[in-house]
Amino acid sequence: MSAISILFGGLLLLIAIGGALLAVKPSVLANTLRFGLPVALTAIGLVLTLIGRGGLGMPLLAFAVALFARARRAQRATRQPGGQSYVRSAALEMELDLDTGEMNGLVLAGTFEGEELDALDQEQLMQLYTELSGDPESLGLLEAYLDRRIPDWRSGPDMDEDAGLGAAQSSGGMTEKEAYEVLGLAAGASEAEVREAHRRLMKRMHPDAGGSAFLAGRINAAKDVLLRRHD
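What you see is a predicted model, and the numbers here were worked out from it, not measured in a lab.

Novice: Which residues make up the overall build of the chain, and what values go with them?
Specialist: Regarding its fold elements, the chain presents eight helices and three strands. Each helix (α) and strand (β) of the chain, taken in turn from the N terminus, gives the series α-α-α-β-β-β-α-α-α-α-α. Relative to its 231 residues, the chain shows a buried fraction of 39%. By sequence separation, contacts in the chain at least 24 residues apart represent 52% of the contacts at least 6 residues apart.

Here it is in structure tokens:
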């Protein structure tokens, strides 16, 4: 089978899928196409590479990776209230579901780089905790996660039972983009939306409700950044 035939077949498949999606809700359709195209291009690139057409397949794979990264950025830029709250540090990116309160995180550096916290067992999480000892901001995020997943994690023989209580916030300034992500809002949200998102998050994260002092501080900081925009 020639490379031209494979590409033509791939295009016909994309057209067929597009036709089937015409009746789908526009927002769902846009999201499907945003991620479906990189997936389809990846499949075509892999086929071309496997049949010895690496000169065509590899650039196509690289293009698919670039499209996927762009789709991820666009998805986060258009995130709507009621979705997820994101908080980043040098070594972790934490995600909080605003509806369920479920928390997960992605390790950005160290032994477990690229791993999700949910995929690590308790021993690995404790190893990560040790690795992050010199990064108070990342440590605060990990402690918030551990408090939810393993409530008695501080009772271990090598742990200080007061570990993480009142963890220091980052001394760096929070950008508007970060503030929107922390509150789970789309850029340009109104003052009322900012206050409502802050209220909802604080219900889950306030220390008096068993939440995290560190994350509560980040949520308050995000509100302050965005409300200054309305002054």
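Moving on from the coordinates now.
Novice: Explain the sheet that holds strand S2 (residues 92-97) to me, using residue names and the numbers behind them.
Specialist: Pairing is antiparallel in the open sheet, where three strands are placed in the order S1-S2-S3. In this open sheet, the two strands that pair with only one neighbour each are strand S1 (84-88) and strand S3 (103-107). This sheet shows a mean twist of 20° between the axes of neighbouring strands, independent of strand direction. The pairing of S2 with S3 spans five bridges and is antiparallel. Each residue of the ladder has a partner; that of Glu95, found in S3, is Asn104.

Novice: Account for a negative patch on the surface, with residues named and values stated.
Specialist: Residues Glu95, Glu102, Glu115, Glu116 and Asp118 make up a contiguous surface patch of negative charge. Structurally, Asp118 is set in the loop between S3 and helix H4 (122-131).

Novice: Lay out helix H7 (residues 191-205) in plain terms, naming residues and giving numbers.
Specialist: Under the 1.5 Å per step criterion, the end-to-end length of H7 is 21 Å for 15 residues, consistent within 8% with the ideal 21 Å. Those residues of H7 not exposed but buried are Val194, Ala197, His198, Leu201, Met202 and Met205. End-on view of H7: buried residues confined to an arc of 130°, all on one side of the axis. In H7, the exposed positions angled more than 90 degrees off the buried face are occupied by Ala192 and Lys203. Against the buried residues of H7 lie S1, S2, S3, helix H5 (136-149), helix H6 (176-183) and helix H8 (213-230).

Novice: How would you sum up the pattern of salt bridges? Please name residues and give values.
Specialist: Overall, the coordinates contain seven salt bridges when judged by the stated rule. Residue Glu93 pairs with Arg88 through a salt bridge whose shortest N-O separation is 2.6 Å. Judged by relative accessible area, which is 10%, Glu93 ranks as buried. Here Arg88 falls in the partly exposed class, since its relative accessible area comes to 29%.

Novice: I'd like a description of the confidence of the model for the chain, backed by residues and values.
Specialist: Confidence along the chain averages 76 in pLDDT terms, with 70% of residues attaining 70 or more. Here residues 21-29 scores under 50 on pLDDT; set against residues more than four positions off or in separate chains, the count is four contacts. Note on residues 161-172: pLDDT under 50 across the span, and 21 contacts to partners over four residues away in sequence or across chains.

Novice: Could you give an account of empty space enclosed by the protein, naming the residues involved and the relevant values?
Specialist: Using the criterion set out here, one finds two cavities of 30 Å³ or more in the structure. One number sums up the size of the largest cavity: a volume of about 80 Å³. Forming the boundary of the largest cavity are Ser85, Tyr86, Val87, Met94, Glu95, Leu96, Met103, Leu201, Met205, Leu215 and Ile219. The set of elements that each furnish at least two residues to the lining of the largest cavity consists of S1, S2, H7 and H8.

Novice: I'd like to hear about the pairing of S2, residue by residue, with values.
Specialist: Across the six residues of S2, five count as buried, placing the element largely inside the fold. Direction of pairing for S1 relative to S2: antiparallel, over a ladder of five bridges. Bridging across to S2, Val87 finds its partner in Met94. Counting the residues between successive antiparallel strands, the hairpin from S1 to S2 contains three residues.

Reading the values: rules and limits
- Here the residue numbers are simple positions, counted from 1 along each chain's written sequence.
- Side-chain atom pairs in this predicted model are given and counted only at pLDDT of 80 or more, local residue features only at pLDDT of at least 70, and totals for whole chains, interfaces and linings cover all residues.
- Only hydrogens and water are set aside; all other atoms, that is, all heavy atoms of the structure, feed into the side-chain values.
- In this text, helices come from DSSP runs of H or I with a minimum length of four residues, and strands from runs of E with a minimum of two, each type numbered from the N-terminal end.
- When a residue's accessible area, from a 1.4 Å probe over protein chains only, is under 20% of the maximum for its type it is buried; when over 50% it is exposed; and in between it is partly exposed.
- Contacts were defined at the residue level, with two residues in contact if any of their heavy atoms lie within 4.5 Å.
- DSSP bridges decide pairing: two strands pair if at least two such bridges lie between them.
- Interaxial angles span 0 to 180 degrees and are taken between N-to-C directions of axes, which are lines fitted to C-alpha atoms, for helices over the stretch in contact.
- Residues form patches when they are more than 30% accessible in relative terms and have no salt bridge. Like charges link within 9 Å. Nonpolar side chains (Val, Leu, Ile, Met, Phe, Trp, Tyr) link within 5 Å.
- Only the protein chains shown count as covering a residue, and every accessible area follows the Shrake-Rupley method with a 1.4 Å probe.
- By definition, a salt bridge exists where a carboxyl oxygen of Asp or Glu is found within 4 Å of a side-chain nitrogen of Lys or Arg.
- Residues scored as positive are Lys and Arg, those scored as negative are Asp and Glu, and His as well as the terminal groups of each chain are ignored.
- One atom stands in for each charge, and that atom is NZ of Lys, CZ of Arg, CG of Asp or CD of Glu.
- One fewer than the residue count of a helix, multiplied by 1.5 Å, yields its expected span.
- Throughout, the arc means the angular range of directions from the helix axis out to the C-beta atoms.
- The pLDDT score gives, residue by residue, the confidence of the prediction method on a 0 to 100 scale.
- Lining residues are defined by having an atom within 4 Å of a point belonging to a cavity or pocket. Those points lie on a 1 Å grid over the protein atoms alone, cavities being sets where a 1.4 Å probe fits but cannot get out and pockets being open sets with protein on both sides within 12 Å along at least five of seven lines.
- Grid points are joined across faces, edges and corners, and a volume is the space filled by probe spheres set on the points.

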